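# Structural description and commentary
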Amino acid sequence: MQTASRGRFITFEGVDGAGKSTQIEALAQTLRQHRVAVVRTREPGGTPLGEALRTIMLGQAMDPLTESLLMFAARREHVAQVIEPALAGSQWVLCDRFTDASYAYQGAGRGVPADRLDVLAGWVHGRLQPDLTVLVDIDPDQARQRRAQVRAADRFETESAAFFQAVRSAYLARAAAEPARFLVVDGGAPAPVVTSKILERLSQWLR
Ligand code: TYD
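Okay, so let's go over this structure. What you are looking at is a predicted structure, and each value in this text was computed from that prediction instead of being measured.

Relative to the assigned elements, Asp-137 resides in strand S4 (residues 132-137). What makes Asp-137 buried here is its relative accessible area of 14%. Only 2.8 Å separates the side chain of Asp-137 from the side chain of Arg-168, close enough to count as a polar contact.

Right, let's talk about the site of the ligand for a bit. Around the ligand, the structure places 17 residues, and the nearest of them are Asp-16, Lys-20, Arg-97, Ser-102 and Gln-106. The separation between an oxygen atom of the ligand and a polar side-chain atom of Arg-75 is 3.0 Å. Contacts to the ligand include Arg-151, whose side-chain N or O atom sits 3.5 Å from an oxygen atom. Contact with the protein chains hides 93% of the accessible area of the ligand, taken as 560 Å² for the molecule alone. For the shell around the ligand, the secondary structure elements donating two or more residues are helix H3 (64-88) and helix H4 (99-109).

On to the sheet that holds S4, then. Here five strands make up an open sheet; going across it, the order is S2-S3-S1-S4-S5 and the pairing parallel. Either end of the sheet is taken by a strand with one partner, and the two such strands are strand S2 (38-42) and strand S5 (182-186). Each strand axis lies, on average, 20° off the axis of its neighbour in the sheet, ignoring direction. Of the strand pairs in this sheet, strand S1 (residues 9-13) and strand S3 (residues 92-96) are connected by four bridges, and their pairing is parallel. Residue pairing across strands places Ile-10 opposite Leu-94, the latter belonging to S3. Strands S1, S4 and S5 of the sheet are contacted by helix H7 (residues 161-177), whose axis makes an angle of about 140° with S4.

Time to look at helix H5 (residues 114-125). End to end, H5 covers 16 Å across twelve residues, agreeing with the expected 16 Å (1.5 Å per residue, within 8%). Just downstream of H5 lies Gly-126, where phi reads positive at about 45°.

Most of S3 is tucked away, with five of its five residues classed as buried. Here S3 shows a buried face lined by Trp-92, Leu-94 and Asp-96 and a second buried face lined by Val-93 and Cys-95. Across five bridges, S2 lies against S3 in parallel orientation. Considered in S3, the bridge of Val-39 is made with Val-93.

This part covers the side chain of Asp-16. Within the element layout of this structure, Asp-16 appears in the loop between S1 and helix H1 (20-33). If near-sequence neighbours (up to four positions away) are discounted, Asp-16 is found in contact with Arg-97, Tyr-105, Ala-143, Arg-147, Arg-151, Glu-157 and Phe-164.

Scanning all chains against the criterion turns up seven aromatic pairs. Judged by centre distance (6.4 Å) and plane angle (85°), the rings of Tyr-105 and Phe-164 are edge-to-face. With Tyr-105 in helix H4 and Phe-164 in helix H7, this residue pair connects regions lying 59 residues apart in the sequence. On the basis of relative accessible area, Tyr-105 is assigned to the buried category, the value being 6%. Note on Tyr-105 and Tyr-171: the rings are 6.5 Å apart at their centroids and 75° apart in plane angle, and the pair reads as edge-to-face. With Tyr-105 in helix H4 and Tyr-171 in helix H7, the pair connects residues that are 66 residues apart, well separated along the chain. Both residues of the pair, Tyr-105 and Tyr-171, count as buried. The ring of Phe-72 carries Arg-75 above its face, with NZ or CZ at 4.6 Å from the centroid. Sitting above the plane of the Phe-156 ring, Arg-155 keeps its charged end 5.0 Å from the centroid.

This paragraph deals with the pairing of S1. Most of S1 sits out of view: five of its five residues are buried. Residues of S1 alternate between two faces, with Phe-9, Thr-11 and Glu-13 on one and Ile-10 and Phe-12 on the opposite face, all of them buried. Note: S1 against S4, four bridges, orientation parallel. Across the sheet, Glu-13 pairs through a bridge with Leu-135, a residue of S4.

About the cut-offs
Residues numbered from 1 in each chain as written. Predicted model: local features only at pLDDT ≥ 70, side-chain atom pairs only at ≥ 80, totals over all residues. Heavy atoms only, no water. Helix = DSSP H or I, 4+ residues; strand = E, 2+ residues; numbered from the N terminus. Buried < 20%, exposed > 50% of the residue type's maximum accessible area, 1.4 Å probe, protein only. Polar contact = N/O pair within 3.5 Å; in protein donor to acceptor, adjacent residues only side chain to side chain. Near = heavy atom within 4 Å. Areas by Shrake-Rupley, 256 points an atom, 1.4 Å probe, with all protein chains shown as cover. Pairing = 2+ DSSP bridges. Axes fitted to C-alpha atoms, helices over the stretch in contact; angles between N-to-C directions. Contact = heavy atoms within 4.5 Å. Expected span 1.5 Å × (residues − 1). Phe/Tyr/Trp six-rings, centres within 6.5 Å; stacked < 30°, edge-to-face > 60°. Lys NZ or Arg CZ within 6 Å of the ring centre and 35° of its normal.

Here's what the structure looks like:
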């Protein structure tokens, strides 16, 4: 049972089709079995305003800086309305994507300079950083094949192979730069294997 301490903020990243959702679902179930109060959420989205912005961003072409501003606008609402209150209430937040995605997609994918994203990140969430970021790493071609089997592509998912290679490289570079915050798992491995690797890392926080 968690004490009245601050909750844990855990984010999940990876190219589209890496298998994040499956992992988040499995982890949420296991954590609840450990009597941890879990909030599952996602970006862009997680609030009514954020979900409305998500619909716009996933459906409509726009300038990359506009896209960045909307991502961070949705994020601000999410941090203020959902993430901070949950953490303050000792809940663990499992969040499907956060600011690392903006550096990977808007930064590496679309060419928005990192220093602009730094400014937005500072504005929107100050010193708040994930306690752990799970990078579900996978070859983008394999991820594309997986996606094609399960759903129609949104505006991001129709991007080129080169775009997704850039996104993947940016994620791996961020993980290498901050090894204490990141856990990199092989998204090509069977889902239960990936789940147990993540649980191994979380076990330090579970009593
Ligand atoms: P996601 O919810 O992972 O997609 P899906 O529900 O289809 O699995 O993310 C939606 C898209 O948003 C994804 O293609 C990546 C993009 N994205 C950014 O470009 N920047 C960001 O900061 C975030 C959070 C997401």
